[in-house]
Amino acid sequence: MYPALITQALSTVRYPGTGKNLVEADMVADDIRIDGDKAVSFTLIFDKPTDPFMKSVVKAAEAAIHAHVSPDVKVNISTASRQAAPAQAAPVLPGVRNIIGVSSGKGGVGKSTVAANLAAALAAEGYKVGLLDADIFGPSVPKMFGIEDEQLYIHDVDGRSMIVPVERYGVKILSIGFVVDRDKAVMWRGSMASNALKQLITDADWGELDYFLIDMPPGTSDIHLTLVQTLALTGVVVVTTPQEVALADARKGISMFRDDKVNVPILGLVENMAWFTPAPHPEERYYIFGREGGVKLAEKLGVKLLAQIPLVGGIADSGDNGTPIALSDTITGQAFMHLAHEVVHAVDERNSTLPPTLRVELKR
């Protein structure tokens, strides 16, 4: 092996952002090291430390070396960026390891059901979990956990008066639904809703958490901007149904998080209501909203399909009764436990391959 052979192989790999190959784009650092015919190491340079194509380009570069040089050579690739990561203020929630948004492009796809059951499943696996109901105008998490009538309390933490989250099934929960009349519409301007949401985040004693889940409102709105400006999200789980109209909106939601100004990693896609299964006949499947639309969208956009959640009659009863179906020994309960395992794996993989997400700084 010799350096020119390595650069020749890397010239076959194109950077998706520009279409140029890695050598042409000046992305290969002048530090190629070769150990006989056994190993090669070098650095790839990206414009930003949070480049969304970093992981795929590194994998493609390794594959190119194996294909054009030798399938047996050990390849060690480091990454660097031309742009230094801007300094960030102290984290808003210092005791929280991972902050995960649960989002959907439109309402009615079961986003809150997924968020509530994912939280319950993670807690059942022994993780410390918090759940914030950020759907200011349609809070449903209190109903799903059977805590609609709970009162909020405040206690002193290092001289500050902090809201104490309600705990149920091992999940710490806060929602605007605790402080508004549940029978009346919340008629607030965007700034009022954003301020209320910030208070639930910054003035609450969330403590030490492994996962802090945020049930976001559907669509793209002021609330989403408030969240990415207030918190550095580890990543987002996007919920859709197989229906085409839901998939179109899910695509827009993913595009928002992938925007250069937001740049929040997509942990994966959840296809909810993937099929209908009658409880007495769990082997039967009826694709009433279309078949594998979420599977195809995940493949097209290059994101993981975290889980397919079947639609069964018991899931609605479970939500209405305040008992997450994830805690039951049913096919849907098993699907949510599988989702929890996949989310844990996706977060671990994201944290090992990407730098921490930065809070969004929007400028006029």
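That block above? That's the structure.
Procedures and definitions
Residues numbered from 1 in each chain as written. Predicted model: local features only at pLDDT ≥ 70, side-chain atom pairs only at ≥ 80, totals over all residues. Heavy atoms only, no water. Phe/Tyr/Trp six-rings, centres within 6.5 Å; stacked < 30°, edge-to-face > 60°. Helix = DSSP H or I, 4+ residues; strand = E, 2+ residues; numbered from the N terminus. Buried < 20%, exposed > 50% of the residue type's maximum accessible area, 1.4 Å probe, protein only. Core = buried A, V, L, I, M, F, W, Y, C linked by side-chain atoms within 4.5 Å. Contact = heavy atoms within 4.5 Å. Pairing = 2+ DSSP bridges. Right-handed = clockwise from strand over helix to strand, strands pointing away. Axes fitted to C-alpha atoms, helices over the stretch in contact; angles between N-to-C directions. Parallel < 35°, antiparallel > 145°, perpendicular 65-115°, else oblique. Left-handed = near helix turned anticlockwise from the far one by under 90°. Nonpolar A, V, L, I, M, F, W, Y, C, P; charged D, E, K, R; others polar.

Caption draft 1: Structural detail: the packing of aromatic side chains. Taken as a whole, this structure holds seven aromatic pairs when the rule is applied. With centroids separated by 6.2 Å and ring planes inclined at 45 degrees, the aromatic side chains of phenylalanine 145 and tyrosine 169 adopt a geometry described as tilted. Residue phenylalanine 145 is located in the loop between α4 (141-144) and β6 (153-157), and its partner tyrosine 169 is located in the loop between β8 (166-168) and β9 (171-175); the two are separated by 24 residues in the primary sequence. Accessibility expressed as a relative area gives 0% for phenylalanine 145, which makes it buried.

Caption draft 2: A look at the nonpolar core. Judged by nonpolar contacts, the single largest core of 84 residues is most densely connected at Leu131, Leu132, Phe145, Phe212, Ile214 and Leu339. For this core, the element with the most residues is helix α10 (residues 331-353), which contributes nine residues. If sequence neighbours within four positions are ignored, isoleucine 214 has contacts with Ile99, Ile100, Gly101, Val102, Leu132, Ala134, Leu227 and Leu231. Listed in part, the 21 residues of the second largest apolar core include Ala9, Leu22, Val28 and Val58.

Caption draft 3: Fine view of the environment of valine 360. Its place among the elements puts valine 360 in the segment after α10. It is 9.0 Å that separates the C-alpha atoms of valine 360 and leucine 227, two residues lying 133 residues apart in sequence. The contacts of valine 360, once residues within four sequence positions are left out, are Val228, Gln229, Lys261 and Val262.

Caption draft 4: The environment of glycine 319, seen in detail. In this fold, glycine 319 is placed in helix α9 (residues 313-321). Sequence separation of glycine 319 and threonine 202 is 117 residues, and the distance between their C-alpha atoms is 28 Å. Contacts of glycine 319, omitting those with residues within four sequence positions, involve Lys143 and Met144.

Caption draft 5: The pairing of strand β3 (residues 74-81), seen in detail. Where strand β2 (residues 39-46) lies against β3, eight bridges are found, and the strand directions are parallel. Opposite alanine 39, over in β3, you have lysine 74 as the bridge partner. The parallel pair β2 and β3, bridged by helix α2 (residues 54-68), forms a crossover whose chirality is right-handed.

Caption draft 6: Seen up close, the packing of helix α7 (residues 244-258) against helix α8 (residues 293-301). Axis separation between α7 and α8 bottoms out at 11 Å; the angle between their running directions is 30 degrees. Taken together, the axes of α7 and α8 lie roughly parallel to each other. Once α7 is placed against α8, the crossing between them reads as right-handed. Facing Leu247, Ala250, Arg251, Ile254 and Arg258 of α7, the residues of α8 in contact are Gly293, Gly294, Leu297 and Leu301. Residue classes in the contact of α7 with α8 are distributed as five nonpolar, two polar and two charged.

Caption draft 7: Highlighting the pairing of strand β11 (residues 235-240). Of all six residues that make up β11, six are buried, and the element is covered over most of its length. Where burial is concerned, the two faces of β11 agree: the one with Gly235, Val237 and Val239 and the one with Val236, Val238 and Thr240 are both buried. As judged from the five bridges shared by strand β4 (residues 96-104) and β11, these two strands associate in the parallel manner. Across the sheet, residue isoleucine 100 finds its bridge partner in β11, namely glycine 235. Here five bridges tie β11 to strand β12 (residues 266-276), and the two strands are oriented parallel to one another. Following the sheet pairing, valine 236 is matched in β12 by isoleucine 266. Assessed by its sense of winding, the connection that carries the chain from β11 through α7 to β12 is right-handed.

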